[in-house]
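# Results of the structural survey
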Amino acid sequence: MGKKIAVFTSGGDAPGMNATLRAAIRAGLHYGNEMYVIYDGLEGLVGGEIEKVDKLFTSGIINKGGTVIRTARFPEFTDVEIQKKGVEQLHKLGINDIIGIGGDGSYHGLLALSKLGVNVMGLPGTIDNDLQSSDETIGFNTTLETICDCVEKLKDTASSHQRCFVIEVMGRYCGDLALYASIAEGAEATVTYDKKMPEEELFAKIKHIKETRKSHCLVIVSENLLDVNELARKIQENTGYETKAQVLGHLQRGGNPSAADRILGARLGVRAVELINEGAQNRAVGVLNGAVSDMDLEESLNKPRVPNEEYIKLLDILSE
Ligand code: F6P
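Rules used throughout
Residues numbered from 1 in each chain as written. Predicted model: local features only at pLDDT ≥ 70, side-chain atom pairs only at ≥ 80, totals over all residues. Heavy atoms only, no water. Helix = DSSP H or I, 4+ residues; strand = E, 2+ residues; numbered from the N terminus. Rg over C-alpha atoms; globule rule 2.2 N^0.38 Å. Buried < 20%, exposed > 50% of the residue type's maximum accessible area, 1.4 Å probe, protein only. Contact = heavy atoms within 4.5 Å. Areas by Shrake-Rupley, 256 points an atom, 1.4 Å probe, with all protein chains shown as cover. Lys, Arg positive; Asp, Glu negative; His and termini not counted. Charge placed at Lys NZ, Arg CZ, Asp CG, Glu CD. Axes fitted to C-alpha atoms, helices over the stretch in contact; angles between N-to-C directions. Parallel < 35°, antiparallel > 145°, perpendicular 65-115°, else oblique. Left-handed = near helix turned anticlockwise from the far one by under 90°. Nonpolar A, V, L, I, M, F, W, Y, C, P; charged D, E, K, R; others polar. Core = buried A, V, L, I, M, F, W, Y, C linked by side-chain atoms within 4.5 Å. Expected span 1.5 Å × (residues − 1). Pairing = 2+ DSSP bridges.

### A word on the overall build of the protein chain
For the protein chain, the helix and strand inventory stands at 11 helices and 11 strands. Rg of the C-alpha trace for the protein chain: 22 Å, near the compact-globule value of 20 Å for 320 residues, within the 12% margin. Counting the 320 residues in the protein chain, one finds 54% classified as buried. A sequence separation of at least 24 residues applies to 74% of the contacts in the protein chain between residues at least 6 apart. With the model as given, the accessible surface of the protein chain reaches about 13800 Å², and the carbon-plus-sulfur share is 49%. For the protein chain, the separation between the mean place of its 35 positive charges and that of its 46 negative charges on side chains is 3 Å.

The structure is reproduced here in structure tokens:
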């Protein structure tokens with residue numbers, strides 16, 4: 001008989017989590033595994049919210065945003081006694097292999113479980129694109145499209161009123177959403193973790209834009225870096241350009257996943273199951289240089305982040 005495998009989603013939801021879950025369940029059933037889902041992430045694991053599922057469970061979820069098995073932030077999981085309770089719940093059902101779809105926090109939860117003897121596979125489900133085990137995370141592409149859609153709407157009103165907009169986008173402590181959206185939308189200025197701009201330089205640039213009578217000015221800023229309302233006030237004061245701040249917030253996480261995210265989820269979901277059946281232990285599965293790959297989970301968490309120098313250079317040239 002095939003192994004019993006449980007799948008959960010954890011941390012912030014990301015478009016494409018359902019497509020990934022579907023892929024993992026269907027691949028597991030294809031290879032003769034018994035498949036389970038854990039509701040409400042690691043919190044649900046500790047509470048024993050685990051259910052055996054069949055193929056029907058995956059019906060109609062491929063294109064749905066959010067996660068049908070729900071998710072949770074569960075900081076209490078850093079406590080080893082709580083982790084042990086989660087392991088007990090798995091043991092009750094004879095499960096020793098789990099697939100976690102989530103971001104950095106979820107990977108740390110998986111790592112803790114691996115130290116207690118559970119075999120774990122991490123799948124990169126986060127809009128932030130901040131995992132070093134994959135060039136792109138599941139949900140990033142959809143969120144980028146959502147941001148572009150919002151920025152274009154703001155551009156319409158900005159041009160009509162000749163205003164400057166400071167737009168804050170998500171990404172936790174990773175600037176990729178801001179960087180990619182700035183390239184895709186031709187933003188006039190960008191402030192991210194990998195590309196900071198001294199205020200004086202920013203004001204001088206915006207002043208120049210105002211002088212050229214350009215109808216709008218968009219400044220895209222990564223969250224958790226600065227107060228965008230305060231920045232908008234300072235821009236207006238220092239440049240005379242009427243400026244408003246807009247935080248895109250949780251709108252960025254919703255919506256149907258793009259085809260690219262569904263396909264990424266399909267590739268990684270299937271691979272995670274194959275790795276378990278091949279006897280692989282504690283891997284972070286992702287796409288590196290276009291190919292599906294996997295690396296030791298702990299190693300992936302210690303891998304330093306490499307800024308995307310090519311995109312930063314592109315932005316420097318194109319936003320001059
Ligand atoms: O990790 C995904 C993310 O959306 C981040 O971009 C953001 O910083 C955070 O989650 C917001 O978390 P919450 O939904 O718990 O407020």
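Moving on, there is more to tell.
### Focus on the packing of helix H7 (residues 199-211) against helix H8 (residues 228-239)
Between H7 and H8, the least distance of the axes is 9 Å, while the angle of their chain directions is 60°. Looking at the two axes, H7 sits oblique to H8. By crossing handedness, the relation of H7 to H8 is classed as right-handed. In this structure, H7 contributes Glu199, Leu202, Phe203, Ile206, Lys207 and Lys210 to the contact, and H8 contributes Leu231, Lys234, Ile235, Asn238 and Thr239. A per-class count over the contact of H7 with H8 returns 5 nonpolar, 2 polar and 4 charged.

### Some remarks on the nonpolar core
Leu21, Ile99, Met121, Ile167, Val169 and Leu177 are the most contacted members of the largest nonpolar core, which has 52 residues in total. If one sorts the elements of this core by residue count, helix H5 (residues 140-161) sits on top with 8 residues. Look past the residues within four positions of valine 169 in its chain and what remains in contact with it is Ile147, Leu177, Ala178, Ile220, Val221, Ser222, Glu223, Leu248 and Gln252. Among the nonpolar cores identified, the runner-up in size contains 26 residues, and Val46, Phe77, Leu111 and Ala284 belong to it.

### Considerations on H5
For H5, built from 22 residues, the straight-helix expectation of 32 Å at 1.5 Å per residue is met to within 8% by its first-to-last C-alpha distance of 31 Å. What H5 keeps buried is the set Phe140, Asn141, Thr142, Thr143, Leu144, Thr146, Ile147, Cys148, Cys150, Val151, Leu154 and Ala158. Of the surrounding secondary structure, the elements contacted by the buried residues of H5 are strand E6 (164-169), helix H6 (176-185), strand E8 (217-222), strand E9 (243-247) and helix H9 (259-278).

### Description of unusual backbone geometry
Positioned with a positive phi, aspartate 40 is a non-glycine residue whose angle comes to about 60°. Following the sequence through the fold, aspartate 40 ends up in the loop between strand E2 (34-38) and helix H2 (41-47). Here the phi dihedral of glutamine 162 falls at roughly 50°; this positive angle occurs in a residue that is not glycine. In this structure, glutamine 162 sits in the loop between H5 and E6. Take glutamine 162: its relative accessible area is 43%, and that puts it in the partly exposed class.

### Some words on the sheet that holds E9
Strand order across the open sheet formed by 4 strands is E7-E8-E6-E9, with parallel pairing between neighbours. Here the strands that pair on one side only, and so sit at the sheet edges, are strand E7 (189-191) and E9. Here the average twist between neighbouring strands, direction ignored, is 20°. With 5 bridges joining them, E6 and E9 adopt parallel strand pairing. Bridging across to E9, isoleucine 167 finds its partner in glutamine 246. Running at roughly 155° to E8, H7 makes contact with E6, E7 and E8 of the sheet. Packed onto the sheet, H8 meets E6, E8 and E9 and runs at close to 165° relative to E9.

### As for the environment of proline 15
With respect to the helices and strands, proline 15 occurs in the loop between strand E1 (4-9) and helix H1 (17-30). Placed 242 residues apart in sequence, proline 15 and proline 257 show a C-alpha to C-alpha distance of 4.7 Å. Excluding anything up to four places from it in sequence, proline 15 contacts Ile127, Ile138, Gly139, Thr142, Thr143, Arg253, Gly254, Gly255, Pro257 and Asp261.

By themselves, these are just geometric observations and shouldn't be taken as functional.
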